[in-house]
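# Observations on the three-dimensional arrangement
What follows is the residue order along each chain.
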Amino acid sequence: RFIEQFWAQRDPSPGTVGNEYFDEHYARLEYIAHNIGRDTPRPGWSTDQGRVYVLLGKPQGVTRLPNTDAAVPAEVWFYNVDPGLIPSPFFYVIFFKERGYGAYRLWSPAMDGAISLLNPAVKSQVLSGDTDRFRGRGGQASNENNLALRMLQGVSMELANAARSLVPGEGLS
């Protein structure tokens, strides 16, 4: 009875034969089972990418970035949403492979910061202050995060901009 009420409350068109929300939810789970988490021992629905896909659905755009000399593998998912739901109708979600391997993990600007998107060798150079070769023409970096963002610009402007602010166009200098 609880399960029936759960799905009935979410039915966008009550009174019709089908429940589009139910169908969409299980279609997302089916997609996840075949396409997400294949490089992990866990099922796709239990990964960060799987959870985000279940909640938000297919992103409007995905940028996949391989491991580079400067950055760990990352994926930037771009979403459009109903402007009535949130202040900005666009936003990014970033996933990264911590230390360059393993499952993709949801990136948090507050907990991880831009520096977590860098490869370990580059990250240690940024943290130790041995960064002369990474400084741009602008002179001294104001802090580690700004230097990490500058490094990410060399990998992908979209990744650097998304790491600056998950809302496109915010935080651009």
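Scope of this entry: the structure provided in the associated data block.

Basis of the calculations
- Each chain has its residues counted from 1, following the order in which its sequence is written.
- Selection of residues for local features in this predicted model requires a pLDDT of at least 70, selection of side-chain atom pairs for listing and counting requires 80 or more, and totals for whole chains, interfaces and linings are taken over all residues.
- To get the side-chain values, take all heavy atoms of the structure and skip hydrogens and water.
- Strands here are runs of E lasting at least two residues and helices are runs of H or I lasting at least four, both read from the DSSP assignment and numbered beginning at the N terminus.
- Per-residue accessibility, obtained with a 1.4 Å probe over protein chains only, is compared with the maximum for each type, and a residue is labelled buried under 20%, exposed over 50%, and partly exposed between these values.
- The contact criterion used throughout is that any non-hydrogen atoms of two residues lie within 4.5 Å.
- In these tables, accessible area is a Shrake-Rupley quantity obtained with a 1.4 Å probe, and a residue counts as shielded only by the protein chains included in the view.
- Axis definition: a line fitted to C-alpha atoms, over the contacting stretch in the case of helices. Angles run 0 to 180 degrees between N-to-C directions.
- An angle below 35 degrees is treated as roughly parallel, one above 145 as roughly antiparallel, one from 65 to 115 as roughly perpendicular, and anything else as oblique.
- Note on convention: the crossing is left-handed when the near helix lies turned anticlockwise from the far helix by less than a right angle, right-handed when the turn is clockwise.
- Polar here means any residue outside two lists: the nonpolar Ala, Val, Leu, Ile, Met, Phe, Trp, Tyr, Cys and Pro, and the charged Asp, Glu, Lys and Arg; Gly therefore counts as polar.
- In this description, a nonpolar core means a group of buried Ala, Val, Leu, Ile, Met, Phe, Trp, Tyr and Cys residues linked to one another through side-chain atoms lying within 4.5 Å.
- Think of a salt bridge as a Lys or Arg side-chain nitrogen and an Asp or Glu carboxyl oxygen that are within 4 Å of each other.
- Space inside and on the surface of the protein is sampled on a 1 Å grid over the protein atoms alone, with a cavity defined as a set of points where a 1.4 Å probe fits but cannot get out and a pocket as an open set with protein on both sides within 12 Å along at least 5 of 7 lines; lining residues have an atom within 4 Å of a point.
- Grid points are joined across faces, edges and corners, and a volume is the space filled by probe spheres set on the points.

### Some details on the overall build of the protein
- Regarding its fold elements, the protein presents six helices and four strands.
- Overall, the protein shows an N-to-C arrangement of helices and strands of α-α-α-β-β-β-β-α-α-α.
- Counting all 173 residues of the protein, 38% fall into the buried class.
- Pairs at least 24 apart in sequence give 40% of the contacts found in the protein among residues at least 6 apart.
- With the model as given, the accessible surface of the protein reaches about 10500 Å², and the carbon-plus-sulfur share is 54%.

### Observations concerning the packing of helix α2 (residues 20–35) against helix α3 (residues 48–56)
- Running from amino to carboxyl end, α2 crosses α3 at an angle of 155°, the nearest separation of the two axes being 9 Å. Of the possible angle classes, the one that applies to α2 and α3 is roughly antiparallel. Read as a crossing pair, α2 and α3 show a hand that is right-handed. Residues H25, R28, L29, Y31 and I32 of α2 pack against G50, Y53, V54, L55 and L56 of α3.
- Class assignment of the residues belonging to the contact of α2 with α3 gives a composition of seven nonpolar, two polar and one charged.

### Brief notes about the nonpolar core
- Of all hydrophobic cores here, the largest spans 25 residues; its most connected members are V76, I94, L117, L118, L152, L159 and A163.
- Contributions of two or more residues to this core are made by β2 (74–80), β3 (90–96), α4 (120–128), α5 (144–155) and α6 (157–164).
- Considering every element that reaches this core, the biggest residue donor is α5, with five residues.
- The contacts of A163, once residues within four sequence positions are left out, are I94, W107, L117, L149 and L152.
- Listed in part, the 11 residues of the second largest apolar core include I32, I36, V52 and V54.

### A few points about the pattern of salt bridges
- Taken as a whole and judged by the stated rule, the model has five salt bridges.
- With a shortest N-O distance of 3.4 Å, E75 and R64 are connected by a salt bridge. In this pair, E75 sits in strand β2 while R64 sits in strand β1 (residues 61–65), placing the two residues 11 residues apart along the sequence.
- For E75, a relative accessible area of 9% corresponds to the buried category.

### Comments concerning the environment of D23
- For D23, the location among the structural elements is in helix α2.
- Taking the C-alpha atoms as reference, D23 lies 10.0 Å from D11; in sequence the two are 12 residues apart.

### Considerations on empty space enclosed by the protein
- For the coordinates displayed, the defined rule picks out one cavity of 30 Å³ or more.
- In this structure, the largest cavity occupies an estimated 40 Å³ of space.
- Here the residues of the lining of the largest cavity sort into two nonpolar, four polar and one charged.

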